Amino acid sequence: MTRTAKTTRTAKTTQPQTTAQQLGSIVKSSRDIMRKDKGLSGDIDRLPMLTWIMFLKFLDDMERIREEEAILSGEKFRPAIDSPYRWRDWAFREDGITGDELIAFVNNDEAVRPDGTRGSGLFAYLRGLQGANGGDRRDVVATVFKGTINRMINGYLLRDVINKVNGIHFTSSDEIHTLSHLYESMLKEMRDAAGDAGEFYTPRPVVRFMVDVLNPQLGETILDPACGTGGFLVEAYSHLERQCRTVEERKTLQGSSIYGGEAKPLPYLLVQMNLLLHGLEYPRIDPDNSLRFPLNEIGDRDRVDVILTNPPFGGEEEKGILNNFPAEMQTSETTLLFLQLIMRKLRRQPKPGRAGVVVPNGVLFGDGICGRVKERLLKEFNLHTIVRLPNGVFAPYTGIPTNLLFFDRSGTTREVWYYEQPLPEGRKNYTKTQPVQFEEFGDCLSWWNSRDENERAWRVPVERIIENGYNLDIKNPNGKEDFEHLPPERLVEDIARKEQRILEIMGEIRQVLAGGVQ
């Protein structure tokens, strides 16, 4: 019997509920305790710590509910985690193992376990878990902990954090909902901390806009091959969840809708937790590089209906990865490799697949291999819309101008619609404290399904783009020209023309003063 998130969350529980304020206090207290530990150097260390601790508490709460349901229905229950490694065995009691004993149990390959026997340490056990048929929760746990380490070195402080997390009850849908919002705020702080490392996470309003216009439907498969902490997947999951009306539809949502790929261990852990907190019970996230398969070996069974993603800008891949691409299409620019992967992964039929991809400006005007990728995009796909984002959408991580490409497999491109998303009135940029808001996309959303040319929107026939060497960097012909962004030669011309006009006016004034003009 497959149990859905709905049945899980509506199961009766005797656990007391905590308020949003109390949950916030628990998380804050836990982070304050971690600040005292010498093994952690900042939020970039603290958030993963808190994540794996909450992950194990979450798992145990879910397992308790499943066990109760199995008993009630007379079915056999097999836990994902056996005793004495369940949260209830080693973490639940406030006076349980602590200090060096706790650190040894968590870190060592072999240790004295909470029941006094010797055996595998906690992480060693979790990393060795194997699902019965592959793809179940044990495989998820094993993969998560293969990329996770315990950075706390003080076992007494670790015990204090565990005791705090014991106050969170993942058996309540209200608490999960509240915690998911708290978690998102922590993720945002993490992103702020990670910005220096060159990782640029997609702002939530941009993610929501892209999901809204692509409008994934229940029964479709949605993929983000570079999913990071899971922004697109969480938004797509919530979008599909609102369409569910029956138990069968929830099974579809849980079992065959959301897919991702994330090669870095920390974002991989975070996306698992993020999706679990939002209600996806078995996140199907590939822990390896999505580019590792030869492009020509990706066939129909590997294809999906919808791809939403923000591939890394300016990254570089190793030689082995490049060999998966045709010789004439190999490039060190990761964005272009992902674009080729996305084109290959989009379903051909019966319903053509569709994609929304964040790309830097360089992709629009690039030539060489970049030009060849765009040639394929225009000849084999329908690149129907490019939304040009205003300056600073990714502030403070990067000031690189960005665009949203929307294309599908419905045929070749005949024309490309452009939409220039404006900055709010009176603003010249977005900042960390004044970021982009979803409401600002309101006009674009209204325009999307009823298109007319206006001061923000224009269309370009594909022949013009081809004549221009597949250059997609086409300025808005209807908008006001931005003086600040004119090329230098235009600025010089403009200044010289105005100077000339000033001289002419001064000459006329002189003539008036001299009485030369009546």
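Residues numbered from 1 in each chain as written. Predicted model: local features only at pLDDT ≥ 70, side-chain atom pairs only at ≥ 80, totals over all residues. Heavy atoms only, no water.

> Please set out the packing of helix 5 (residues 99-107) against helix 8 (residues 155-165) residue by residue, giving values where relevant.
Packing of helix 5 against helix 8 brings their axes to within 7 Å, and their N-to-C directions diverge by 75 degrees. Taken together, the axes of helix 5 and helix 8 lie roughly perpendicular to each other. Of helix 8, the residues touching helix 5 (which contributes G99, L102, I103 and V106) are G155, Y156, L158, R159 and I162. (Axes fitted to C-alpha atoms, helices over the stretch in contact; angles between N-to-C directions. Helix = DSSP H or I, 4+ residues; strand = E, 2+ residues; numbered from the N terminus. Parallel < 35°, antiparallel > 145°, perpendicular 65-115°, else oblique. Contact = heavy atoms within 4.5 Å.)

> Mind laying out the packing of aromatic side chains, listing which residues take part and the relevant values?
Aromatic ring pairs are reported here in terms of the distance separating the ring centres and the angle at which the planes meet. Under the counting rule described, the total for this entry stands at 17 aromatic pairs. Their ring planes at 85 degrees and their centres at 6.2 Å tell us that F209 and W448 sit as a pair that is edge-to-face. Of this pair, F209 sits in helix 10 (residues 204-214) while W448 sits in helix 18 (residues 442-448), and the two are 239 residues apart along the sequence. A ring pair is formed by F406 and W448, whose centres lie 5.0 Å apart and whose planes are at 80 degrees; its orientation type is edge-to-face. (Phe/Tyr/Trp six-rings, centres within 6.5 Å; stacked < 30°, edge-to-face > 60°.)

> I'd like a rundown of the nonpolar core, residues and numbers included.
Counting 93 residues, the largest nonpolar core has L56 and F209 as its most contacted members. Of the residues forming this core, the biggest block, 11 residues, is contributed by helix 3 (residues 43-73). Once residues within four sequence positions are removed from consideration, F209 is found in contact with V387, L404, F406, F438, F441, C444, L445 and W448. Counting residues in each nonpolar core, the second largest holds 32 residues, with V359, C370, V460 and I465 among its members. (Core = buried A, V, L, I, M, F, W, Y, C linked by side-chain atoms within 4.5 Å. Buried < 20%, exposed > 50% of the residue type's maximum accessible area, 1.4 Å probe, protein only.)

> Tell me what's going on with helix 3, and back it up with residues and numbers.
For helix 3, which comprises 31 residues, the first-to-last C-alpha distance of 44 Å matches the rise-based estimate of 45 Å (1.5 Å per residue) to within 8%. Of all 31 residues in helix 3, 24 are buried; the element is thus mostly enclosed. (Expected span 1.5 Å × (residues − 1).)

> Report on helix 8, specifying residues and quantitative values.
With respect to burial, helix 8 is a largely interior element, eight of its 11 residues being buried. Regarding helix 8, its N-cap is N154, as a side-chain oxygen of that residue lies 2.8 Å from the backbone nitrogen of Y156 further along. (Polar contact = N/O pair within 3.5 Å; in protein donor to acceptor, adjacent residues only side chain to side chain.)

> Give me the sheet that holds strand 3 (residues 222-224): which residues, what numbers.
Pairing in this open sheet of nine strands is mixed, and the strands run 5-4-3-6-7-9-8-10-11 from one edge to the other. Looking at which strands have only one partner, the edges of the open sheet turn out to be strand 5 (284-286) and strand 11 (457-461). Taking the axes of each pair of neighbouring strands and ignoring which way they run, one obtains an average angle of 20 degrees across the sheet. The pairing of strand 6 (residues 306-309) with strand 7 (residues 354-360) spans four bridges and is parallel. Looking at strand 7, one finds that L308 is bridged to G356. Its contacts with the sheet place helix 10 against strand 6, strand 7, strand 8 (382-388) and strand 9 (402-408), and it is angled at close to 20 degrees to strand 9. (Pairing = 2+ DSSP bridges.)

> Tell me about the pattern of salt bridges, and please be specific about residues and values.
All chains considered together, the criterion is met by 27 salt bridges. For D45, the salt bridge goes to R151, with nearest N and O atoms at 3.5 Å. Of this pair, D45 sits in helix 3 while R151 sits in the loop between helix 7 (137-146) and helix 8, placing them 106 residues apart in sequence. A relative accessible area of 40% places R151 in the partly exposed class. Between R388 and D473 there is a salt bridge; the shortest N-O distance is 2.8 Å. Here R388 is found in strand 8, whereas its partner D473 is found in the loop between helix 19 (462-467) and helix 20 (488-513), with 85 residues between them in sequence. Across the pair, D473 and R388 agree in class, each one buried. (Salt bridge = Lys/Arg side-chain N within 4 Å of Asp/Glu carboxyl O.)

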